[in-house]
Amino acid sequence: MSISSALSNALSGLTANARAVNVVSNNLANLHTEGYGRREIELTPNRYGAGGGVRVVGISRHVDAGLLGDRRMAQSGLAHAETRADFIAGVRGALGTPDQAGSLGARIAALEASLITAASRPDAQNRLQAVSLRAFELAAAFEAVSDDIQSRRQAAEGEIAFGVRTVNASLEQAQELNLQISSSRLRGLDTASLEDHRQIVIDRIADYIPVREVPRDNGIVALMTPGGAVLLDGRPATLSFDRTNVIVPHMTLDNGLLSGLVLNGQQITPAGARSPVGGGRLSALFEVRDALAVDTQTQVDTLARDLIERFQDPGVDATLGVGDPGLFTDAGAVFAVADELGLAGRIELNALVDPGQGGDLRHLRDGFGAAVPGPTGEAGLLNAMAEALSARRVLGSGDLGSGAGSAAVHAGSFVSRLGQQQLTVDGATSFARASTSEMHERLLEGGVDSDAETQRLLLIEQAYSANARMIQTLDEMMQTLLRI
């Protein structure tokens, strides 16, 4: 080997080592960077001319595609489970448990206690005032729960609109990155950073919709859902959703008063096992808006109906005429079975016994239909209302059970049902969180290993020193020849 050939070899080695140091340094610097794929330098023998040595042919990016796909599916499942769990936990918090002051069950118990206390001294104005106040608070508690449910539907509506915009924008970004990666590869340029960015963008999509990445030519990828929808393949798909600014109980997807989800101009099932985009946050938001919240509202309306009917019965208050409401009203009127939907949000204390509306508390003792005052010591109606509240009745609607029970028992059944639902969704959330964490850890294990990168850096340093020593030796040889 000639001196010039040896010098060429050493110089190519120094160049490759300098590039390798840069690659390893980037790996260590991005040890905890989300979406970063470990890089390795690719070298090949330099066979051009007689110089020999090595040349850098590129930088390869290493990511386990199968493990990345599994992690994305787990991520979608976690987002789905958390969204459902947040709704149930929120409604359960608004409803409260019987041992919590201000809960629906506690309000029912307080009303019953006030009726019993007032019956012992029907002439005491302060005790009648307590009955009126407890009844007002109970009606307000129903309204608060109903309002909370509808506000959560409204919040889900807003999150759906935001999610659709996010997915559409991310699909556009993924397509643009596809084009940039393909163009860069055709020109022989490094695409690792672009692929990192694309991975982050696809991860953002996976939070809302489960996706599988399918490789195409020149580094391009297509995105498909497990349900068979094509989100990106040559061009990005477009999701459409019409947001409604105000949602009330009677508005549903089934009756056409709320928007569904449109994919490339075609209406699709937004949630459930048959949905092509089911399994992520987006489908869970539709489940909250169109299933969980609707069902919960139905049960609360059932309890409100039971409460109104207990006091609207002429057997409790003989002074009631046809069409006269009892202690509780449906927005000031008598309750009709056909108008049950949304009743919990309309239940009110009868204005006849609400001092704030000019009512007279004597009607709690004399009867809601009594035209003239009766004996101040008469406790019959108060006792009858207390017995009506604790009487065992079968609910007229809903699916909280077919057994008879008091108002407090039925409210307790609803709380218990929500508790069981929360246990179920919490279990699903814990499983999804553990799966996501495990997949993430496995992905990191196949990523940048600081120990391995440090060892590689030491080897590069040794190779750099050897090449530098070779150049120094060749320089000494040249100097010796020049001195001869």
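Refer to the preceding data block for the structure.
Residues numbered from 1 in each chain as written. Predicted model: local features only at pLDDT ≥ 70, side-chain atom pairs only at ≥ 80, totals over all residues. Heavy atoms only, no water.

## Re unusual backbone geometry
Phase 1: Although it is not a glycine, N264 sits at a positive phi angle of roughly 50 degrees.
Phase 2: Relative to the helices and strands, N264 is located in the loop between β7 (261-263) and β8 (266-268).
Phase 3: For N264, a relative accessible area of 47% translates into the label partly exposed. (Helix = DSSP H or I, 4+ residues; strand = E, 2+ residues; numbered from the N terminus. Buried < 20%, exposed > 50% of the residue type's maximum accessible area, 1.4 Å probe, protein only.)

## A word on the sheet that holds strand β5 (residues 230-232)
Phase 1: With respect to topology, 3 strands assemble into an open sheet ordered β3-β4-β5, the strand pairing being antiparallel. Two strands close off the open sheet at either side, each with one partner strand: β3 (212-215) and β5. Pairs of neighbouring strands in the sheet enclose a mean axial angle of 35 degrees, with direction left out of account.
Phase 2: Here strand β4 (residues 221-224) pairs with β5 via 2 bridges, running antiparallel. Residue pairing across strands places M224 opposite V230, the latter belonging to β5.
Phase 3: Relative to β5, helix α4 (residues 125-186) is tilted by about 60 degrees, and along the sheet it contacts β4 and β5.
Phase 4: The sheet strands contacting helix α5 (residues 192-208) are β3, β4 and β5, and the helix crosses β4 at an angle near 10 degrees. (Pairing = 2+ DSSP bridges. Axes fitted to C-alpha atoms, helices over the stretch in contact; angles between N-to-C directions. Contact = heavy atoms within 4.5 Å.)

## Description of the packing of helix α3 (residues 104-120) against helix α8 (residues 380-390)
Phase 1: Direction vectors running N to C along α3 and α8 enclose 155 degrees, while the axes themselves pass 8 Å from each other. Taken together, the axes of α3 and α8 lie roughly antiparallel to each other. In the packing of α3 onto α8, the handedness of the crossing is left-handed. Along the contact surface, α3 presents I108, L111, E112, L115, I116, A118 and A119, while α8 presents L382, N383, M385, A386, L389 and S390.
Phase 2: Looking at the contact of α3 with α8 residue by residue, the class counts come to 10 nonpolar, 2 polar and 1 charged. (Parallel < 35°, antiparallel > 145°, perpendicular 65-115°, else oblique. Left-handed = near helix turned anticlockwise from the far one by under 90°. Nonpolar A, V, L, I, M, F, W, Y, C, P; charged D, E, K, R; others polar.)

## Examining the sheet that holds strand β6 (residues 239-240)
Phase 1: Reading across the sheet, the 3 strands line up as β6-β7-β8 and stay open at both edges, with antiparallel pairing between neighbours. Only two strands of the sheet have a single partner each, and these edge strands are β6 and β8.
Phase 2: Inspection of the sheet shows β7 paired to β8 by 3 bridges, in the antiparallel sense. Bridging across to β8, L261 finds its partner in I268.

## What about the packing of aromatic side chains?
Phase 1: Applying the stated criterion across every chain yields a total of 2 aromatic pairs.
Phase 2: Between F241 and F286 the ring centres are 5.8 Å apart and the planes differ by 85 degrees, which places this aromatic pair in the edge-to-face class. Within this pair, whereas F241 is found in the loop between β6 and β7, its partner F286 is found in helix α6 (residues 281-312), the two being separated by 45 residues in sequence.
Phase 3: Judged by relative accessible area, F241 falls into the buried class, the value being 13%.
Phase 4: For F286, a relative accessible area of 1% translates into the label buried. (Phe/Tyr/Trp six-rings, centres within 6.5 Å; stacked < 30°, edge-to-face > 60°.)

## Description of a nonpolar patch on the surface
Phase 1: A contiguous nonpolar patch, built from M478, L481 and I484 and spanning about 340 Å² of accessible area, is present on the exposed surface.
Phase 2: Taking relative accessible area as the criterion, M478 reaches 38% and is therefore assigned partly exposed. (Patch = residues over 30% accessible without salt bridge, like charges linked within 9 Å, V, L, I, M, F, W, Y side chains within 5 Å. Areas by Shrake-Rupley, 256 points an atom, 1.4 Å probe, with all protein chains shown as cover. Salt bridge = Lys/Arg side-chain N within 4 Å of Asp/Glu carboxyl O.)

Limitation: the analysis is restricted to geometry and does not speak to function.
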